[in-house]
Amino acid sequence: MEEQHHITYCERCGVELLPADPEPLCAMCFVSDTNIVAPSLLLVTDASWSGTTPSRPATPMRSRNAFHAWRPDPDGSLAKKRRTRSRRLTIAFALVSVVALLFAVVPAAISSTEPGPVHIGVQQVDAGTNACLANLYILVADKVAGRASPTDIVCPASGKPYVYTQYQGVTTIACPDAAAHNQLRIYVRSDTRVPIVN
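Residues numbered from 1 in each chain as written. Predicted model: local features only at pLDDT ≥ 70, side-chain atom pairs only at ≥ 80, totals over all residues. Heavy atoms only, no water.

### Considering a nonpolar patch on the surface
Side chains of Val-98, Leu-102 and Val-106 sit close together on the surface and give an oily, nonpolar patch of about 240 Å² of accessible area. The residue Val-98 is located in helix α2 (residues 77-109) in this model. (Patch = residues over 30% accessible without salt bridge, like charges linked within 9 Å, V, L, I, M, F, W, Y side chains within 5 Å. Areas by Shrake-Rupley, 256 points an atom, 1.4 Å probe, with all protein chains shown as cover. Salt bridge = Lys/Arg side-chain N within 4 Å of Asp/Glu carboxyl O. Helix = DSSP H or I, 4+ residues; strand = E, 2+ residues; numbered from the N terminus.)

What follows is the structure, encoded as C-alpha cells:
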C-alpha cells in the first residue's frame, strides 16, 4: 500500500513546506521572524573581550590629542604649505598661459600685412592677387543680384576684362591671365560665391 504524503503550507507566506523546513513556517519566514528564538542563530557577546586575537594583540587606546595617521598635520603647518604651493602653481600656470597667448596673438596683431579676401585654395598670394579676388567678389555679387557690373573693373595684373562662362545655369567669372599672378586659375562661381585660387 502506498504511503500518502501530507502537504503542509507555511502559515505566513503560504508556500509548500519542504521536508527540511521547520514547521509551521518555511525556512525564509523562520529566519526573518524576530519572535522565534533560534539558539543556533544567536551570537554570544562577551563584554570582557579586550580586542585581542591569537594573531593580533590589542592596540592601546589613544588619547584625544594623540597623532593620528589619517590626520598627519595637527597644527596645520603642512596644510598652509600645501595651500601656498597650490597658489604658486596656479599663478605660474596662469602666467605661462598668458605669455603663450601673447606670443600667439601679438605677432598677428602687429603684423604690417593686411589679410586679403577670403578664398579657397592657395593662401599665400601677393597684393595683386588679393586685388583680383576683391574684383571677383564685386563681379559675382553684381551677377547674383542681376546688376550690370562696372566696365572699368579689370584684372589688376594684366589690365584685361574678366571672362564670363555659363554652364547649366551657373556663371563662372575667371581672371583673364592667372599666370600673371603666378597661379593656374583664379575664378569664382555664382553658386558658391567664394573665389578659388589654384
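### Digging into a positive patch on the surface
Among the surface-exposed residues, Lys-80, Arg-82, Arg-83, Arg-85 and Arg-87 lie close enough to one another that they form a single positively charged patch. Residue position: Arg-83 is located in helix α2. (Lys, Arg positive; Asp, Glu negative; His and termini not counted. Charge placed at Lys NZ, Arg CZ, Asp CG, Glu CD.)

### Describing the side chain of Asn-135
Tracing the backbone through its elements, the reader meets Asn-135 in helix α3 (residues 127-145). Classification of Asn-135 as buried rests on a relative accessible area of 16%. Among the polar contacts made by the side chain of Asn-135, one reaches the main-chain carbonyl oxygen of Val-154 at a distance of 3.1 Å. Excluding its chain neighbours within four sequence positions, the residues that come into contact with Asn-135 are Ile-153, Val-154, Pro-156 and Tyr-162. (Buried < 20%, exposed > 50% of the residue type's maximum accessible area, 1.4 Å probe, protein only. Polar contact = N/O pair within 3.5 Å; in protein donor to acceptor, adjacent residues only side chain to side chain. Contact = heavy atoms within 4.5 Å.)

### Details of the sheet that holds strand β1 (residues 120-121)
Strand order in this open sheet of 5 strands is β1-β5-β4-β3-β2, and the pairing throughout is mixed. Of all the strands in the sheet, just β1 and β2 (163-167) have a single pairing partner and so form its edges. Sheet topology places strand β3 (residues 170-174) next to strand β4 (residues 186-189); 3 bridges connect them, and they run antiparallel. Across the sheet, the residue bridging to Thr-172 is Arg-189, located in β4. Across the sheet, α3 lies against β2, β3, β4 and β5 (196-197), angled at about 20° from β4, the strand it touches most. (Pairing = 2+ DSSP bridges. Axes fitted to C-alpha atoms, helices over the stretch in contact; angles between N-to-C directions.)

### Section: the environment of Lys-160
By secondary structure assignment, the location of Lys-160 is in the loop between α3 and β2. Considering only alpha carbons, one finds Lys-160 and Pro-176, 16 residues apart in sequence, at a separation of 6.4 Å. Those residues in contact with Lys-160, other than ones at most four positions away along the chain, are Val-154, Cys-155 and Pro-176.

### Let's talk about the nonpolar core
In this structure, Cys-132, Leu-136, Tyr-162, Ile-173, Cys-175 and Ile-186 are the most contacted members of the largest nonpolar core, which totals 14 residues. Sorting the residues of this core by element identifies α3 and β4 as the ones contributing at least two each. Counting residues per element, this core draws most heavily on α3, at 5 residues. (Core = buried A, V, L, I, M, F, W, Y, C linked by side-chain atoms within 4.5 Å.)

### Focus on the packing of aromatic side chains
This model, assessed by the stated rule, comprises 0 aromatic pairs. For the cation-ring pair, Arg-185 lies above Tyr-187, with the distance from its terminal atom to the ring centre recorded as 4.0 Å. (Phe/Tyr/Trp six-rings, centres within 6.5 Å; stacked < 30°, edge-to-face > 60°. Lys NZ or Arg CZ within 6 Å of the ring centre and 35° of its normal.)

### Re the pattern of salt bridges
All chains considered together, the criterion is met by 2 salt bridges. Taking the shortest distance from any N to any O, the salt bridge between Arg-147 and Asp-142 comes out at 2.9 Å. Linking Arg-189 and Asp-191 is a salt bridge whose minimum nitrogen-to-oxygen distance equals 2.7 Å. Overall, the relative accessible area of 32% leaves Arg-189 in the partly exposed class. The class for Asp-191 is partly exposed, based on a relative accessible area of 43%.

### Thoughts on the pairing of β3
Of all 5 residues making up β3, 5 are buried, and the element is well covered by its neighbours. Side chains Val-170, Thr-172 and Ala-174 project from β3 onto one buried face, and the interleaved Thr-171 and Ile-173 project onto a second face that is buried too. Alignment of β2 against β3, held across 5 bridges, turns out to be antiparallel. Paired with Gln-166 across the bridge in β3 is Thr-171. Counting the residues between successive antiparallel strands, the hairpin from β2 to β3 contains 2 residues, one of them, Gln-168, with a positive phi of roughly 50°.

### Regarding the pairing of β4
Relative to β5, β4 runs antiparallel, the two being bridged by 2 bridges. Bridging from a neighbouring strand, Tyr-187 pairs with Ile-196 of β5.

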